[in-house]
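# Structural description and commentary
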Amino acid sequence: MGCCISNLDGGETVSQCRARKRYMKQLVVARQFFSASHAMYFRSLRNTGSALLQFSSSESALHHHHHLGPPSLPPPPSPPEEIFSSPRPPFSPSTDTNWSSSIGASPLPPPPPPPPPQSSTWDFWDPFVETTTQSMTEEEWEDEVAELPLTRSRTESTMAPPSVLSGYSKDTSGSTDLAMVKSTNGKNIFDIIKEVDDYFLKAADAGAELSAILEVTSPIVSTTQTKGGKVYSYGFYLSPASWTWGSSPKSQAFGSFLGDQVVGNKGGDSHSSTIEKLYAWEKKLYEEVKDSEAIKMKHEKKVSQLRKLEVKGADYLKTEKTKKELEKLESQLTVSSQAIETISAEINKIRDTQLHPQLLDLVKGLMCMWRSMYESHQVQTHIVQQFKYLNTIPSAEPTSEIHRQSALQLELQVQQWHQSFCNLVKAQKDYIQNLTGWLRLSLYQFTKTPLSRTDQETGIYSFCEEWHQAVDRIPDKVASEGIKSFLTVINDIVVQHTEEYKQKKKSESVFKEFEKKSSELRLLENKYGPFSVPQSPGKDPVAEKRLKVDMLRTKAEEEKSKHENLVAMTRAMTVNNLQMVFPHVFQAMVGFSTVCMQAFEKSYNQAKKITQEQQVKTILP
């Protein structure tokens, strides 16, 4: 029996069915991870914007501003103020003045940027200049962007509406929002970051429709992290294991809340339940195939045994008994074969009628999502160009404890943004890799050959292969490094805050010691008079104490001066760092979202074309 099992496990058919089952099991988990990573990423966008807003409010209160807009160009008439519908708990900045000027001022679009020089490599940053993008591979794009200096401004390139997006309106929301980017006049750091945050919220809203398809049903889980001796509480958790999946009451409530946005279900089974059903059928198929192979091996043994009996001229009863056992095994094989065909037909039916349309919805959702993300990050790129027109005079105000904590909070949120971005990219790759692996094994395993492939089978296979290749080609490294560079800059600010804080404590400690010794000196002077007679040769207690006090005064002044210098350095460093990194990180996100948008659009359009051709074939005689 042990030998039989060993041979059975090594059978090609059983091995393929085991691999099919494994791919589908991994696909169930990959969908969960995809859903969790998707929700985590868009939550991290909201949290990053919120943390930036809090940080900029604290920072803005410590600066005096000279507001310098681009010279010699009068501003055009003000367009109406845009109203953002994205939900966010009300934010309370440190000063009412900043808040009222941020929401009450009429927005003025900046003057058009100068045309780029012919030889400028920054032409590439307009992702829709076809003469540039068509001549570059994916690899060349990564190399080009990686070599760009962080301090270079993007006002040299003109961001046009995406001309390559066939089927989309020319008047996209992205180009409309670009026209509403407010001028720099009268703004401080907080005002600019407030606009950036508006588009973090818009970018986060871009994932709503896909959240319905992926059935994001995770509860908000509270967790804490410790940083710099302080404890921070967050409304999310990195591990997807604690999330809720499937068609639970929570997911039904989520679908009811989204209403018409639920496009993945359309009255039928959800995407998760479809995959789970396929996994259940794949497990059943594996068991049937394994049992069938076991019956075949028993049948072969009995056939060999019967031949030997017939050659030997064995006893009639013994021969007949063997024949009956053979008939029973043949009957079992027939039943098993029918069961395998029935299960395979059910798998094919679910694949073609449920899975395929859901996958089309999923890729369409990805295409639209990254288009909205592109538009939001494109506007953010133009907004942050205003930083270079800000002329700030650092104040002598030291960094407050609230500001230190807001910097730590921002560091943790950008860290979460980077981690969730990497998770999202990996989750999608895992998902399509397991899906394509299952399709490769499942489509033509049993009775069918490549010559007997149906149009529907060819369609879903070609579609998923194209999707798989598109995801593999997407250059996520540049975007990941862009977010990481932002994280590095925030970390530098946090370190600077720490140095300033340490110097403040040191200066305060020396000053307290100086005050203590000064008090002791006054007591001695009251006792002995300001010029006492030495009690013994070489010993004058008042003079000795006065010398120590003078030394402490000098040291206190030195430490105070060091602290003031660190304060000025912190204020200047913060503005300079933001000016340096902001264009880079948003340029990287614009480039990444552009490639994603085009890749998913190509996959979706090819799939729709195949579907339309199939529909024409069914109509024509």
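Bear in mind the structure is a predicted one, so any value in this text is a computation, not a measurement.

Parameters and conventions
- Residues numbered from 1 in each chain as written.
- Predicted model: local features only at pLDDT ≥ 70, side-chain atom pairs only at ≥ 80, totals over all residues.
- Heavy atoms only, no water.
- Helix = DSSP H or I, 4+ residues; strand = E, 2+ residues; numbered from the N terminus.
- Contact = heavy atoms within 4.5 Å.
- Areas by Shrake-Rupley, 256 points an atom, 1.4 Å probe, with all protein chains shown as cover.
- Core = buried A, V, L, I, M, F, W, Y, C linked by side-chain atoms within 4.5 Å.
- Buried < 20%, exposed > 50% of the residue type's maximum accessible area, 1.4 Å probe, protein only.
- Axes fitted to C-alpha atoms, helices over the stretch in contact; angles between N-to-C directions.
- Parallel < 35°, antiparallel > 145°, perpendicular 65-115°, else oblique.
- Left-handed = near helix turned anticlockwise from the far one by under 90°.
- pLDDT = per-residue confidence, 0-100.
- Phe/Tyr/Trp six-rings, centres within 6.5 Å; stacked < 30°, edge-to-face > 60°.
- Lys NZ or Arg CZ within 6 Å of the ring centre and 35° of its normal.
- Nonpolar A, V, L, I, M, F, W, Y, C, P; charged D, E, K, R; others polar.
- Expected span 1.5 Å × (residues − 1).
- Polar contact = N/O pair within 3.5 Å; in protein donor to acceptor, adjacent residues only side chain to side chain.
- Salt bridge = Lys/Arg side-chain N within 4 Å of Asp/Glu carboxyl O.
- Patch = residues over 30% accessible without salt bridge, like charges linked within 9 Å, V, L, I, M, F, W, Y side chains within 5 Å.
- Lys, Arg positive; Asp, Glu negative; His and termini not counted.
- Charge placed at Lys NZ, Arg CZ, Asp CG, Glu CD.

## Regarding the overall build of the chain
Each helix and strand counted, the chain has 15 helices and four strands in total. A separation of at least 24 residues holds for 89% of the contacts in the chain among residues at least 6 apart in sequence. As presented, the chain carries roughly 30700 Å² of accessible surface, and 55% of it is formed by carbon and sulfur atoms.

## Digging into the nonpolar core
Counting residues in each nonpolar core, the largest one holds 100 residues, and the members touching the most others are Trp 370, Tyr 431, Leu 435, Trp 467, Phe 582 and Phe 600. Among the elements that make up this core, the one with the highest residue count is helix H11 (residues 316-383) (17 residues). Dropping the residues within four chain positions of it, Tyr 431 is found in contact with Leu 27, Ala 30, Arg 31, Phe 34, His 271, Ile 275, Leu 359, Leu 362 and Trp 467. Phe 514, Leu 521, Val 549 and Leu 552 belong to the second largest nonpolar core, which has six residues in total.

## Notes on the packing of helix H2 (residues 12-60) against H11
How two helices pack is summed up by the angle between their axes together with the distance between the axes. Packing of H2 against H11 leaves a shortest axis separation of 15 Å and a crossing angle of 25 degrees. Comparing their axes, H11 and H2 come out roughly parallel. Between H2 and H11 the crossing geometry is left-handed. Counted together, Arg 20, Phe 34, His 38, Tyr 41, Phe 42 and Leu 45 of H2 and Ile 347, Leu 366, Met 369 and Met 373 of H11 form the full contact between these two elements.

## With respect to the confidence of the model for the chain
The predicted model of the chain has a mean per-residue pLDDT of 75, with 66% of residues at 70 or higher. Within the model, the stretch residues 66-97 combines pLDDT values under 50 with 62 contacts to residues more than four positions away or in other chains.

## Focus on unusual backbone geometry
In this structure, Glu 215 is a non-glycine residue whose phi angle is positive, near 55 degrees. Relative to the helices and strands, Glu 215 is located in the loop between helix H8 (208-214) and strand S2 (223-227).

## Focus: the packing of aromatic side chains
The final tally for this structure, using the stated rule, is 13 aromatic pairs. Ring centres 5.2 Å apart and planes at 80 degrees place the aromatic pair Trp 370 and Phe 592 in the edge-to-face group. Of this pair, Trp 370 sits in helix H11 while Phe 592 sits in helix H15 (residues 541-619), placing them 222 residues apart in sequence. Both residues of the pair, Trp 370 and Phe 592, belong to the buried class. Cluster of aromatic residues (ring-pair linked, three or more members): Phe 200, Phe 387, Trp 417, Phe 486, Phe 582 and Phe 586. Lying across the ring of Tyr 501, Arg 404 places its NZ or CZ 4.2 Å from the centre.

## Some details on the environment of Ser 35
Inspection of the secondary structure puts Ser 35 in helix H2. Residue class for Ser 35 comes out buried when judged on its relative accessible area of 0%. Spatially, the C-alpha atoms of Ser 35 and Leu 424 are 8.9 Å apart, while their sequence positions differ by 389 residues.

## Let's talk about the packing of H2 against helix H10 (residues 271-312)
Between H2 and H10, the shortest axis-to-axis distance is 9 Å and the interhelical angle comes to 160 degrees. By the criterion of interaxial angle, the relationship of H2 to H10 is roughly antiparallel. When the axes of H2 and H10 are compared, the crossing they make is left-handed. Here the residues of the contact of H2 with H10 sort into eleven nonpolar, three polar and ten charged.

## Here's the deal with helix H7 (residues 189-205)
Here H7 is 17 residues long and its end C-alpha atoms lie 25 Å apart, about the 24 Å a rise of 1.5 Å per residue gives. Counting buried positions along H7 gives 15 out of 17 residues, so the element sits mostly inside the fold. N-capping of H7 is provided by Asn 188, with a side-chain oxygen placed 3.1 Å from the backbone N of Phe 190.

## Focus: the pattern of salt bridges
For the coordinates displayed, the defined rule picks out 26 salt bridges. With a closest N to O distance of 2.9 Å, Arg 351 and Asp 352 form a salt bridge. The same class applies to Arg 351 and to Asp 352, which are both buried.

## Focus: the environment of Leu 326
Within the fold, Leu 326 resides in helix H11. Distance from Leu 326 to Lys 298, taken between C-alpha atoms, is 8.8 Å for residues 28 residues apart in sequence. The residues touching Leu 326, leaving out its near neighbours within four places in the chain, are His 299, Lys 302, Val 303 and Leu 306.

## Brief notes about helix H12 (residues 401-442)
The terminal C-alpha atoms of H12, which comprises 42 residues, lie 61 Å apart, in line with the 62 Å expected from a rise of 1.5 Å per residue. Counting buried positions over the 42 residues of H12 gives 30, a clear majority of the element.

## Notes on a positive patch on the surface
A cluster of like positive charges, contributed by Lys 308, Lys 312, Lys 318 and Lys 321, occupies part of the molecular surface. Of all the secondary-structure elements, those providing two or more residues to the positive patch are H10 and H11. Topologically, Lys 308 is positioned in helix H10.

## Describing the side chain of Ser 37
On the secondary structure map, Ser 37 appears in helix H2. According to the relative accessible area criterion, Ser 37 is buried, its value standing at 3%. Look past the residues within four positions of Ser 37 in its chain and what remains in contact with it is Asn 423, Leu 424 and Ala 427.

## Focus on the environment of Ser 344
On the secondary structure map, Ser 344 appears in helix H11. Assessed through its relative accessible area of 13%, Ser 344 is described here as buried. As for Ser 344 and Trp 281, which are separated by 63 residues in sequence, their C-alpha atoms are 8.4 Å apart.

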